[in-house]
Amino acid sequence: MAVAPAAAGVGRGRRSAATVAAWGGWGGRPRPSNVLLQLRQGQLTGRGLTRAVQFTETFLTERDKQSKWSGIPQLLLKLYATSHLHSDFVECQNILKLLVEILMRPTISIRGQKLKISDEMSKDCLSILYNTCVCTEGVTKRLAEKNDFVIFLFTLMTSKKTFLQTATLIEDILGVKKEMIRLDEVPNLNSLVSNFDQQQLANFCRILAVTISEMDTGNDDKHTLLAKNAQQKKSLSLGPSAAEINQAALLSIPGFVERLCKLATRKVSESTGTASFIQELEEWYTWLDNALVLDALMRVANEESEHNQASIVFSPLAAPEENGLPHMSARTQLPQSMKIMHEIMYKLEVLYVLCVLLMGRQRNQVHRMIAEFKLIPGLNNLFDKLIWRKHSATALVLHGHSQNCDCSPDITLKIQFLRLLQSFSDHHENKYLLLNNQELNELSAISLKANIPEVEAVLNTDRSLVCDGKRGLLTRLLQVMKKEPAESSFRFWQARAVESFLRGTTSYADQMFLLKRGLLEHILYCIVDSECKSRDVLQSYFDLLGELMKFNIDAFRRFSKYINNDTKFQVFMKQINSSLVDSNMLVRCVTLSLDRFENQVDVKVAEVLSECRLLTYVSQVPVQMSFLFRLINIIHVQTLTQENVSCLNTSLVILMLARRKGQLPLYLQLLQRMEHSNKYPGFLLNNFHNLLRFWQQHYLHKDKDSTCLENSSCISFSYWKETVSILLNPDRQSPSALVSYIEEPYMDIDREFTEE
């Protein structure tokens, strides 16, 4: 019976007021008539199917008495009258307050007895509240301010009849709430979540996505390391954040992660269940864009017409099911394409929640559970048929978009899947679960042939938890990666996912496993022959290439065979020099590898050193100085971020290797000369001095970052610290101190670090 108030402007939600009115909110059933024809007309005209003014006040009063609707129909008329543009917003708020009070009556006790409210009335109140939030600006924010009301809404999800309406209203409210809600304040959270069926749990993940993610201010300046460090110091004094508390609350629920893994890996055929046509459409309505719902319904109508059934009539006399929805015949079931899309939308939210949990404080606990419940083998089995399925001619996409648009659910699922793989593999031994038994044996054979110890993590991998089938998930990813079109938005995420497998302590066997599958040649083709223009994709390729080639003489030999003439080498170096922020990790890899190779006595290594253009080029001191000068010059303390701080560490690697050779004073002297040649004496070395002071503050208190530096460079962190201390030595007589090369009139090394 619920109807939408008149729109007071552009709706701020995902669904237009026209569609809300057309469905009568979630509470109302489609009216007896050819609904699809009316929907088609609504799609063309932009007008809904019902208006509040179609009902007289006398009629609504009579229905109120019969159904005991607590005055809701009359409140609706008043709400409609006050929700027009330029109408009395205060009166609108007062009416909404009455509706909230009606909704919350079960929490009020009179003489020891709690009042009861029917599911249907709750459903209607929720519909009215949501529709008003969509159509009237400011309502959602007002509701978000009432924390007790938001907490109360969670209790309404115990009923299947009101679950979808409640979940969607909560999601919209949390989207504008300034402070994150704490899930441990929700009454009986464990029981509530444990009693959800799988579809409810999937929908609930939309709410969880808001409650377990750290709130972002949206201001780019707040992403600087200065700001992050200040925020971390503040957080330490305040204790765990609301997001961290919420993550812990969820992980304490028995079977929670296991059920998420089952949702993420179930097949479409396992998800159909016994849901009726109306149930499925109702869920579609809460999930997708208004226009897409209409398009989907039109497609159902077209499919029915092919079987000489031009329309679907919803009879008001049909016998109700237990859930209050009419029985439908088999012919009105959703087509397979919509079922697949429905499952994709579920998996999107589930994978996001798992990804956030993998990056949280309880990462090791989540890793252990995800491995135990076989998430990775399950995703591997879904890879071809669902995750990376081929588009059919009738595949559903968002209205006004193409199948290749980044807004497409198919595209978003792929990106979320790749982000999960990246989080799962990054610096964790469980990464070998991405392989199958045969591929693990291949890693062992590579180590045996090279006469090096087998990787301990490979030996410790539980073979019962790895991928099955002919190919593991990593190999499948490599196959689609090499087939990806040049303009594809997936290239960045694919490279990041594969790179995360190589991160940490360098493994020759891991590198060779990927080299044997042509990964290096594919990357070089994309950088050189396709002349990739995307900065993000180039950065991900350079980072991956650095991890793939580091300390690996076979990789540099393959590089030489591909970059086999000056023309190709010039194109490659042009890409590197176009943005050192993007390519500096590769520069660091080549510099470190060159240092190791030069200290080895081996005929094969000597041969590669002489024939590889890249190693020969980087071995020249003027080239190293050029890199060093530019790396220091493009960053400042106030602009350091997680993305560009690598430039500072790469410049330190160059100087640490110079120190090993006793050449640190020479390099500092050359930097001073380059300053003078640019007619800005002191500007570079002062900047570098400030950067190193910040480096000490940042890294000496962060165990994870220091471990990463040590593992990725094979240089002990103590040597990093010693080198920085030597460079910051205040003694102007020290030949290795920066201050010895800054002339007194240009000295500016004691600045306070501020964000300005």
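Predicted model, so just to flag it, every value in this text is computed and none were measured.

### Regarding the pattern of salt bridges
Applying the stated criterion across every chain yields a total of 25 salt bridges. One salt bridge connects Glu244 with Arg361, and the closest N-O pair in it is separated by 3.0 Å. One end of the pair, Glu244, is in helix α13 (residues 242-251); the other, Arg361, is in the loop between α17 (336-358) and α18 (363-372), and 117 residues separate them in sequence. Residue Arg558 is joined to Glu521 by a salt bridge in which the shortest nitrogen-to-oxygen separation is 3.3 Å. You can see Arg558 sitting in helix α28 (residues 553-562) and its partner Glu521 sitting in helix α26 (residues 519-529), a full 37 residues away along the chain. Take Arg558: its relative accessible area is 27%, and that puts it in the partly exposed class. Overall, the relative accessible area of 24% leaves Glu521 in the partly exposed class.

### As for the packing of helix α6 (residues 119-135) against helix α9 (residues 160-176)
Where α6 contacts α9, the two axes come as close as 9 Å, and the packing angle between them is 25°. The orientation of α6 relative to α9 falls into the category roughly parallel. Here α6 runs over α9; the crossing is left-handed. Together, Asp119, Glu120, Ser122, Lys123, Leu126, Ser127, Leu129, Tyr130 and Cys133 of α6 and Lys161, Thr162, Gln165, Thr166, Thr168, Leu169 and Asp172 of α9 make up the contact between the two elements. Taken together, the residues that form the contact of α6 with α9 break down as 5 nonpolar, 6 polar and 5 charged.

### Side note on the packing of aromatic side chains
What characterises a pair of aromatic rings is the spacing of the ring centres plus the angle enclosed by the ring planes. Taken as a whole and judged by the stated rule, the model has 17 aromatic pairs. Centroid distance Phe629 to Phe683: 6.3 Å. Interplanar angle 75°. Geometry classified as edge-to-face. Taken together, the positions of Phe629 in helix α33 (residues 621-633) and Phe683 in helix α36 (residues 683-699) put the pair 54 residues apart, joining distant regions of the chain. A residue is classified by how much of its surface remains accessible, and Phe629, at 9% relative accessible area, is buried. Each residue in the set Phe154, Phe163, Phe196 and Phe204 is aromatic and connected to the rest through ring pairs, giving one cluster. The side chain of Lys568 reaches across the aromatic face of Tyr562, ending 4.4 Å from its centre. Of note, Arg660 hangs over the ring of Tyr719, and the distance from its end group to the ring centre comes to 5.8 Å.

### Quick look at helix α30 (residues 580-598)
Along α30, the helix axis deviates most sharply at Leu586, where the bend reaches about 25°. Counting buried residues in α30 gives 15 out of 19 residues, a clear majority hidden from the surface.

### Side note on the nonpolar core
Residues Phe154, Met157, Phe256, Phe417, Leu514, Phe572 and Leu614 are the most contacted members of the largest nonpolar core, which totals 214 residues. Among the elements that make up this core, the one with the highest residue count is α17 (14 residues). Setting aside residues up to four positions removed in sequence, Met157 forms contacts with Phe163, Thr166, Ala167, Ile170, Leu192, Phe196, Gln200, Phe204 and Ile207.

### Digging into empty space enclosed by the protein
The final tally for this structure, using the stated rule, is 8 cavities of 30 Å³ or more. Computed from the structure, the largest cavity encloses a volume of approximately 90 Å³. For the largest cavity, the full set of lining residues is Thr591, Leu594, Asp595, Glu598, Val618, Gln624, Ile654, Leu657, Ala658, Lys661, Gln663 and Tyr667. Taken together, the elements giving at least two residues each to the lining of the largest cavity come down to α30 and α34 (645-660). Looking at the lining of the largest cavity, the element that brings in the most residues is α30, giving 4 residues.

### Re the environment of Val350
On the secondary structure map, Val350 appears in helix α17. C-alpha separation for the pair Val350 and Cys261, spaced 89 residues apart in sequence, amounts to 8.2 Å. Setting aside anything within four residues of it in sequence, one finds Val350 in contact with Cys205, Leu260, Leu263 and Ala264.

### Let's talk about the side chain of Gln422
Relative to the elements of secondary structure, Gln422 occurs in helix α20 (residues 409-425). Among the residues examined, Gln422 registers a relative accessible area of 18% and is labelled buried. Apart from residues lying up to four places away in sequence, Gln422 is in contact with Trp493, Arg496, Ala497 and Ser500.

### Remarks on α20
A turn of α-helix holds 3.6 residues, and therefore any two residues three or four places apart point the same way. For α20, spanning 17 residues, the distance from its first C-alpha to its last is 24 Å, which sits close to the expected 24 Å at 1.5 Å a residue. Burial analysis of α20 places 15 of its 17 residues in the buried class, which makes it a mostly covered element. Note on α20: the residue one or two positions beyond its end, His427, has a positive phi of about 55°.

### Observations concerning the environment of Leu545
If you trace the backbone, Leu545 turns up in helix α27 (residues 535-549). Along the chain, Leu545 and Leu520 lie 25 residues apart, while their C-alpha atoms are 7.0 Å from each other. Among residues more than four places away in sequence, those in contact with Leu545 are Leu520, Ile523, Leu524, Ile527, Phe572 and Leu586.

What counts and what doesn't
Residues numbered from 1 in each chain as written. Predicted model: local features only at pLDDT ≥ 70, side-chain atom pairs only at ≥ 80, totals over all residues. Heavy atoms only, no water. Salt bridge = Lys/Arg side-chain N within 4 Å of Asp/Glu carboxyl O. Helix = DSSP H or I, 4+ residues; strand = E, 2+ residues; numbered from the N terminus. Buried < 20%, exposed > 50% of the residue type's maximum accessible area, 1.4 Å probe, protein only. Axes fitted to C-alpha atoms, helices over the stretch in contact; angles between N-to-C directions. Parallel < 35°, antiparallel > 145°, perpendicular 65-115°, else oblique. Left-handed = near helix turned anticlockwise from the far one by under 90°. Contact = heavy atoms within 4.5 Å. Nonpolar A, V, L, I, M, F, W, Y, C, P; charged D, E, K, R; others polar. Phe/Tyr/Trp six-rings, centres within 6.5 Å; stacked < 30°, edge-to-face > 60°. Lys NZ or Arg CZ within 6 Å of the ring centre and 35° of its normal. Bend = angle between axes of the 7 residues up to and from the residue. Core = buried A, V, L, I, M, F, W, Y, C linked by side-chain atoms within 4.5 Å. 1 Å grid on protein atoms, 1.4 Å probe; cavity = no way out; pocket = protein on both sides within 12 Å on 5 of 7 lines; lining within 4 Å. Points joined across faces, edges and corners; volume = space filled by probe spheres on them. Expected span 1.5 Å × (residues − 1).

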